[in-house]
Amino acid sequence: MLLGQKFLTALTCLFGFGTDLPLQKPLQDLDRVPLDLPSDHGLGPPRGPIFKPPGAADGSNFTCDYSAMKGWSECSSTNRRCWLVDGSGKNQWNIETNYEATTTLPDGTVVPLTPTGITRQYTLNLTNHVINADGLDFEQGKWFNEQYPGPWIQACWGDTIEVTVINNLKGNGTSIHWHGIRQFRTMHMDGVNGVTQCPIRPSDSFTYKFLATQYGSSWYVNRLHSHYSVQYADGLVAPITIHGPSSQQYDIAPDIPLLITDWAHNSAYEFISGADILYPTILLNGKGNVTAFDYTGLPSNLTIPTPYTLSFEANRAKPLKYLLRIINTSFQTPFVFSIDNHQLQVVEADFVPIDGTYITSHLHIGIGQRYQVIVEALPIPYPNQKLPTDGNYWIRTDIIGDCPDAPIPPGDTYMKTGILRYDSSSTAKPSTQPWPDLDRNCIEEPLANLKPVVAWNVTKPSNNKGQGENEEISFKNLLKKPFPLAGFALNPTTIQNWTPLQVDYSDPTFLNLNNTGPWKPSAMVVLEDNLTSTDWIFLQISSIAGTHPIHLHGHDFAILDKQDPNHPTNSFTIQDWSNPPRRDVILVPNRGSVTIAFHADNPGAWLVHCHIAAHAAMGLGLQILERRADAQQIWPSNATSHAIQEANRVCENWRSWQAVCKNWWDGCDGDVFQNDSGV
């Protein structure tokens, strides 16, 4: 393909006009050839495919719209590995396409190469409301668009997603983080207060806009701020799916993504400040049962929601295969997910397509981690056991027992949070038993089994003079703290002073990207300067204070080494870096370590933090400030940039609101406005 053709395709991604220019497979190694636009550049009326993606929920009318891609057709209806194919049949967008491929425009702007979709527009209205998810009212609930979980945002690979967020919460600023979305060159849309933006003040709004360069499922989460920062636990979570190819065949996606979460009946701010969690329960897609936990003192005559239910079709000559998307949105709990008598074929971990050779009876899912799995409608009997005649099976979400921040509740029925039925008219409770090999240890899935379809070839580190960075998780309970909730830190091993992260809501890093002077120590900025897009950033993260799910914004990362002295069989080391496992959340073991690597190809400030909400609030995080040798000036320094203008507008509105203490969550009685890290 000529570079001119690639340039036109890139413009199509940005501006949405039509093209029939072929895209070669695989989209790698952009050729260094002269700009040469063909005379027939294909700028004609839209003629590309519009189709219902195979991953749309059963009965949904959602469609992918590639009408701007003249001469292309969908190919996923018969082959899930394929997504789009051109008229010649030789060029495809498929599971083997490098979804991180880029091209450079004549003005030097680097843009991703994706199919040419459309703009998907959504509006989210954030309000306070009582939520009854498990039979017991939660008075301090908060939700999106008057529903919990919030609306399922859907898009297709190559679409632009545009979401206007309106903050109608009482006494709270807000932002929305799009968990796992790469945000390639759109760092200011990552939705992290104090890092990428100021909070959106009450009665204000902000529009997020970013390109769907990846595909798969994840969640979007409120970053709610004014005096506390962990309030996504109060209800402001929802799924997001970007439809695309799959490494293995499936027939139906029966429902929306499965969100697993812990749930409480008092504000998350209260229990991270020392109060007991009130009647903790577990929810599957917003439904739970508070009476399944053997609590005393519950009100009588509670109305318990019907358990979350999946329906599979039975008695087919060839059993159907169902795509399930499983997401852990908890504030402190890792889970083991399983379906009695059904195996899970893993085809995606976080946003990374997996080859599908890994089949298991259960999945360890850390906080923030996601899996897409294929389940065949063919129950498997355990040894010396018959299958139930009624066709009902428990969906289980067991708490991982020896992770210190996830105490197991009373009772032996708490983990039965959903039902798989082969007869949708049945109302009977299942009688099935869990898989006999269910492992509840504080581990994650064997990394060697998560084999990416699109390979990375990792080379030596380029940061810190070729040595990589060494970071250590530590805990201190000091009498004199840098802020009231300070307790954890993620610090380079080279610094002398213990420094928990605390961001400044009113002065986000995004507005200071070109700072050449020193940073506030509390900002915990690790500068990765003068690197190119082919360089590798290495981080070794060790813990002397518990087990922690660590999440990196703005990147997937390769996992090169993991040492777990508590569960040695879960340790992992590879010498061949040609295709290491990768994802964007990794479990750092207590007294252990992990080594991760990622390309220095996405300039900006990216948060690294623990996904246990209380630990993040206590300061367990840092910022990677990624600045390119060939692009030191990441963003225009003048106010003509729309991104800078909008960031300044939101900040000005926030500062004026925050300056008046009667606006605060606890009014003027509060002794300090920001008592936590802010992330």
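What you see is a predicted model, and the numbers here were worked out from it, not measured in a lab. (Residues numbered from 1 in each chain as written. Predicted model: local features only at pLDDT ≥ 70, side-chain atom pairs only at ≥ 80, totals over all residues. Heavy atoms only, no water.)

**Considering the pairing of strand 17 (residues 237-243)**
Counted only if it meets this: Buried residues are those whose accessible area, probed at 1.4 Å on protein chains only, stays under 20% of the maximum for their type, while exposed residues exceed 50% and partly exposed ones sit between those limits. Starting at the N terminus, helices and strands are each numbered in turn, a helix being any DSSP run of H or I of at least four residues and a strand any DSSP run of E of at least two. Note on pairing: two strands pair once DSSP finds at least 2 bridges between them.
The element strand 17 is largely enclosed, with a buried count of seven among its seven residues. Here strand 17 shows two buried faces, one formed by Val237, Pro239, Thr241 and His243 and the other by Ala238, Ile240 and Ile242. As paired strands, strand 12 (residues 153-156) and strand 17 are joined by four bridges and run parallel to one another. Its bridge partner being in strand 17, cysteine 156 is matched across the sheet by histidine 243.

**Some points on the sheet that holds strand 12**
Cut-off, in case you're wondering: Here an axis means a line fitted to C-alpha atoms, over the contact stretch when the element is a helix, while the angle between two N-to-C directions is reported on a 0 to 180 degree scale.
The mixed open sheet is built from four strands, whose spatial order is 12-17-16-14. The open sheet has two edge strands, strand 12 and strand 14 (176-178), and neither has a second partner. This sheet shows a mean twist of 20 degrees between the axes of neighbouring strands, independent of strand direction.

**Digging into unusual backbone geometry**
Residue proline 149 is reached from tyrosine 148 by a cis peptide bond, and omega for that bond is -15 degrees. Mapped onto the elements, proline 149 comes out in the loop between strand 11 (142-144) and strand 12. Notably, glutamine 183 is not glycine yet its phi reads approximately 50 degrees, a positive angle. Residue placement: glutamine 183 occurs in the loop between strand 14 and strand 15 (205-211). With phi around 50 degrees, asparagine 285 is a residue other than glycine that occupies positive phi space. Mapped onto the secondary structure, asparagine 285 falls in the loop between strand 19 (281-284) and strand 20 (308-311). Residue asparagine 285 is classed as buried on the basis of its relative accessible area, which comes to 11%.

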